[in-house]
Amino acid sequence: MRTNGTFEYKPVGSVQTDPKTGFAIPNDKAPFLKGCECQIDKSIPAKQVVGTDGQIYAYTYDVFIPKYFDGVLAIGCTVRITSEDGDIDEFVVSGVDNMNRKYIEIWG
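Keep in mind that this is a model prediction, so the values were computed, not measured.

**Focus: the nonpolar core**
- Judged by nonpolar contacts, the single largest core of 17 residues is most densely connected at Phe7, Ile65 and Val79.
- The residues contacting valine 79, other than those within four sequence positions of it, are Phe7, Glu8, Tyr9, Phe32, Asp89, Glu90, Phe91, Val93 and Ile106.

Okay, here's the thing in structure tokens:
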């Protein structure tokens, strides 16, 4: 797997506390947690996939993360990706595939 960027993420439903005050931080103002290096595939125009229920889903980013990553990625969490040329973008995870032996795949 080639790596061409890094990612950070905000877990879904987790409550983070401010280390200085101890108060809960709203999820939209919570800091991103450190991820690791990854492979980022960007599709313009967005890929369209027909789900098993017949609904059409579209997504722009397909991110491949090494299996040794030990964080929790779930549908609905926010991911910030930084490509090797410095471009930064955020998306909400629409799907997670962790059944592959070599990598974890997320898309959104």
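From this point, the discussion proceeds with the structure in view.
**Topic: the layout of surface pockets**
- Each pocket or cavity is described by its volume, and for the largest pocket that value is around 150 Å³.
- As for the largest pocket, its lining consists of Asn4, Ile40, Lys42, Tyr61, Ile81, Thr82, Ser83, Asp87, Ile88 and Asp89.
- For the lining of the largest pocket, the secondary structure elements donating two or more residues are β4 (33–50), β6 (78–83) and β7 (88–92).
- For the lining of the largest pocket, the element with the most residues is β6, which contributes 3 residues.
- In terms of residue class, the lining of the largest pocket is built from 4 nonpolar, 3 polar and 3 charged.

**Here we look at the packing of aromatic side chains**
- Inspection of the entire model under this criterion finds 6 aromatic pairs.
- Plain terms: the ring middles of phenylalanine 7 and phenylalanine 69 are 5.2 Å apart, the flat faces sit at 65° to each other, and that makes the pair edge-to-face. Note that phenylalanine 7 is positioned in strand β1 (residues 5–10) and phenylalanine 69 in the loop between β5 (56–66) and β6, a separation of 62 residues in sequence.
- Overall, the relative accessible area of 3% leaves phenylalanine 7 in the buried class.
- Residue class for phenylalanine 69 comes out buried when judged on its relative accessible area of 10%.
- Where tyrosine 9 meets phenylalanine 69, the ring centres are 5.5 Å apart and the plane angle is 85°; that geometry is what we call edge-to-face. Residue tyrosine 9 is found in strand β1, and its partner phenylalanine 69 is found in the loop between β5 and β6; the two are separated by 60 residues along the sequence. As far as burial versus exposure is concerned, tyrosine 9 and phenylalanine 69 are alike and both buried.
- Taken together, the aromatic side chains of Phe7, Tyr9 and Phe69 make up a single cluster linked through ring pairs.

About the thresholds
Residues numbered from 1 in each chain as written. Predicted model: local features only at pLDDT ≥ 70, side-chain atom pairs only at ≥ 80, totals over all residues. Heavy atoms only, no water. Core = buried A, V, L, I, M, F, W, Y, C linked by side-chain atoms within 4.5 Å. Buried < 20%, exposed > 50% of the residue type's maximum accessible area, 1.4 Å probe, protein only. Contact = heavy atoms within 4.5 Å. 1 Å grid on protein atoms, 1.4 Å probe; cavity = no way out; pocket = protein on both sides within 12 Å on 5 of 7 lines; lining within 4 Å. Points joined across faces, edges and corners; volume = space filled by probe spheres on them. Helix = DSSP H or I, 4+ residues; strand = E, 2+ residues; numbered from the N terminus. Nonpolar A, V, L, I, M, F, W, Y, C, P; charged D, E, K, R; others polar. Phe/Tyr/Trp six-rings, centres within 6.5 Å; stacked < 30°, edge-to-face > 60°.

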